[in-house]
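Listed below are the residues making up each chain.
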Amino acid sequence: PKVSIVIPNMDHADTLRTCISSILEKTTYENFEIVIIENNSRKEETFAYYDELKTDPRIQIVTWEGKFNYSAINNFGVREAATGEYILLLNNDIEVITPDWLQEMLMFAQRPDVGAVGAMLYYPDDTIQHAGVVLGIGGVAGHAHKYFPRGDFGYMSRATIAQDLSVVTAACVMLPRTVWDEVGGLDETFEVSLNDVDFCLKCREKSYLNVFTPFAELYHYESASRGSDVTDASSDNAKRYDRESEHFRTKWKEVLEKGDPYYNPNFTLDRSDYSLKVQD
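Let us look at the structure shown here. (Residues numbered from 1 in each chain as written. Predicted model: local features only at pLDDT ≥ 70, side-chain atom pairs only at ≥ 80, totals over all residues. Heavy atoms only, no water.)

## Considerations on the overall build of the protein
Right, so step 1: Scanning the protein from terminus to terminus reveals eight helices and 12 strands.
Right, so step 2: The C-alpha radius of gyration computed for the protein amounts to 18 Å, which stays within 12% of the reference 19 Å derived for 280 residues, consistent with globular compactness.
Right, so step 3: Overall, the C-alpha framework of the protein stretches about 60 × 40 × 40 Å when taken along its three principal axes.
Right, so step 4: When contacts within the protein are restricted to residue pairs at least 6 apart in sequence, those whose partners lie at least 24 apart make up 76%.
Right, so step 5: As displayed, the protein has an accessible area near 12600 Å², and 50% of this comes from carbon and sulfur atoms.
Right, so step 6: Side chains of the protein give 27 positive and 45 negative charges; the mean places of these two sets differ by 4 Å. (Helix = DSSP H or I, 4+ residues; strand = E, 2+ residues; numbered from the N terminus. Rg over C-alpha atoms; globule rule 2.2 N^0.38 Å. Contact = heavy atoms within 4.5 Å. Areas by Shrake-Rupley, 256 points an atom, 1.4 Å probe, with all protein chains shown as cover. Lys, Arg positive; Asp, Glu negative; His and termini not counted. Charge placed at Lys NZ, Arg CZ, Asp CG, Glu CD.)

What follows is the structure, encoded as structure tokens:
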């Protein structure tokens, strides 16, 4: 089946080049297209790189002229340009490691009971950035096994086996186009953060499983394009994250109260290392 790889981008041509080059040079699965969604870039080198990419028939570039809204941008790209049976949302600050990453994700995405499929993402220092997401960590959701070294088995080998989880990150997520349409894409009220958590819970609500596979491996130069949400608590990004977190906690209040069914309730929600709660 055809896979549409959808990548929002604003400037940072070098970051995008690393991403696109790794896809084109390493990917062994052949039936894919790349949809780049241009969002208010200003630098000449960005448009010069777009001109280079337009010579490849597998790549198309569409333009989103509104303000930055990650959910709206991806919804636009899928709606206006993606022609594949499967959608793969990908951040522009991702670099492919394993050549068969698409096959590994498709293996699960083709199952009729599966919604979203997430990959193993590493920081540039070869520590884990994403090995699935646990509801409730930090009050909303947090990445499992974050900062564990690459190759570490994790808790009960959970960093090395494919498994069902509540949530996977949209930095690299694959799903059938039919599921995307059924749940209505990304919720545009989550402009930047938690749209992927919300999306996966919408899939779960429709009785789909969300799957994490450690066999699709990529680097994630996290927030290289947009900056971090929480570096400065007084920043606009941090304030916006607080608003979206409160919105999420209100929307999914009952789900959060029940706890993550894939996470032992005796584990702490203060960290991502599967350590036990401190008893009073």
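## Some details on the nonpolar core
For soluble globular proteins, nonpolar side chains are generally found buried alongside one another.
Right, so step 1: Formed by 49 residues in total, the largest nonpolar core has its most connected members in Val6, Ile37, Leu89, Leu135 and Phe248.
Right, so step 2: Setting aside residues up to four positions removed in sequence, Val6 forms contacts with Val35, Ile37, Asn74, Val78, Ala82, Ile87, Leu88, Leu89 and Leu90.
Right, so step 3: Formed by 36 residues, the second largest nonpolar core is a distinct cluster that contains Ile5, Ile23, Tyr29 and Ala109. (Core = buried A, V, L, I, M, F, W, Y, C linked by side-chain atoms within 4.5 Å. Buried < 20%, exposed > 50% of the residue type's maximum accessible area, 1.4 Å probe, protein only.)

## Quick notes on empty space enclosed by the protein
Right, so step 1: For the structure on display, the rule yields one cavity of 30 Å³ or more.
Right, so step 2: If you add up the space inside the largest cavity, you get close to 40 Å³.
Right, so step 3: Leu89, Val168, Thr169, Ala170, Val173, Leu186, Asp196, Phe199 and Cys200 together form the lining of the largest cavity.
Right, so step 4: For the lining of the largest cavity, the element with the most residues is helix α6 (residues 195-205), which contributes three residues.
Right, so step 5: For the lining of the largest cavity, the residue count by class is seven nonpolar, one polar and one charged. (1 Å grid on protein atoms, 1.4 Å probe; cavity = no way out; pocket = protein on both sides within 12 Å on 5 of 7 lines; lining within 4 Å. Points joined across faces, edges and corners; volume = space filled by probe spheres on them. Nonpolar A, V, L, I, M, F, W, Y, C, P; charged D, E, K, R; others polar.)

## Side note on the packing of helix α1 (residues 13-26) against helix α2 (residues 44-53)
Right, so step 1: Axis separation between α1 and α2 bottoms out at 9 Å; the angle between their running directions is 25°. Judged by the inter-axis angle, α1 sits roughly parallel to α2. Here Ala13, Leu16, Arg17 and Ile20 of α1 lie close against α2, whose contacting residues are Glu45, Thr46, Tyr49, Tyr50, Glu52 and Leu53.
Right, so step 2: Class assignment for the residues of the contact of α1 with α2 results in six nonpolar, one polar and three charged. (Axes fitted to C-alpha atoms, helices over the stretch in contact; angles between N-to-C directions. Parallel < 35°, antiparallel > 145°, perpendicular 65-115°, else oblique.)

## Concerning the layout of surface pockets
Leftover empty space is mapped by rolling, across the atoms, a probe with the size of a water molecule.
Right, so step 1: By volume, the second largest pocket amounts to about 160 Å³.
Right, so step 2: Considering the residues around the second largest pocket, the lining is formed by Leu135, Gly136, Leu256, Lys258, Gly259, Asp260, Tyr263, Asn264, Pro265, Phe267, Leu269 and Lys277.
Right, so step 3: Here the lining of the second largest pocket is composed, by residue class, of six nonpolar, three polar and three charged.

## Some thoughts on helix α4 (residues 101-109)
Right, so step 1: The buried count for α4 comes to seven of nine residues, which makes it a mostly enclosed element.
Right, so step 2: Within α4, burial applies to Trp101, Leu102, Glu104, Met105, Leu106, Phe108 and Ala109.

## Let's talk about the pairing of strand β1 (residues 3-9)
Right, so step 1: Counting buried positions along β1 gives seven out of seven residues, so the element sits mostly inside the fold.
Right, so step 2: The alternating pattern of β1 places Val3, Ile5, Ile7 and Asn9 on one face and Ser4, Val6 and Pro8 on the opposite face, and all of these are buried.
Right, so step 3: Taken together, β1, α1 and strand β2 (residues 32-38) form a β-α-β motif whose crossover is right-handed.
Right, so step 4: With four bridges connecting them, β1 and strand β4 (residues 86-90) associate as parallel partners. Looking at β4, one finds that Val6 is bridged to Leu89. (Right-handed = clockwise from strand over helix to strand, strands pointing away. Pairing = 2+ DSSP bridges.)

## Looking at the packing of aromatic side chains
Right, so step 1: Tallying each qualifying case throughout the model produces 12 aromatic pairs.
Right, so step 2: On the basis of an interplanar angle of 65° and a centroid distance of 6.3 Å, the ring pair of Phe190 and Phe248 is categorised as edge-to-face. Of this pair, Phe190 sits in the loop between α5 (177-183) and α6 while Phe248 sits in helix α7 (residues 236-251); the two residues are 58 residues apart in sequence, bridging distant segments of the chain.
Right, so step 3: Overall, the relative accessible area of 0% leaves Phe248 in the buried class. (Phe/Tyr/Trp six-rings, centres within 6.5 Å; stacked < 30°, edge-to-face > 60°.)

## Digging into unusual backbone geometry
Right, so step 1: Although it is not a glycine, Asp126 adopts a positive phi angle of roughly 65°.
Right, so step 2: Note that Asp126 resides in the loop between β6 (114-122) and β7 (128-130).
Right, so step 3: One non-glycine residue, His145, lies in the positive phi region at around 60°.
Right, so step 4: For His145, the position within the fold is in the loop between β9 (141-143) and β10 (163-165).
Right, so step 5: When its relative accessible area of 0% is taken as the criterion, His145 is described as buried.

## Here we look at the pattern of salt bridges
Right, so step 1: Here the structure, examined in full by the defined rule, presents 16 salt bridges.
Right, so step 2: Linking Arg79 and Glu80 is a salt bridge whose minimum nitrogen-to-oxygen distance equals 3.3 Å.
Right, so step 3: Across the pair Asp113 and Arg111 runs a salt bridge, and its minimum N-O distance is 2.9 Å.
Right, so step 4: By relative accessible area, which is 30% here, Asp113 ends up partly exposed.
Right, so step 5: Members of the salt-bridge network, linked through shared partners, are Asp126, Arg150 and Glu217. (Salt bridge = Lys/Arg side-chain N within 4 Å of Asp/Glu carboxyl O.)

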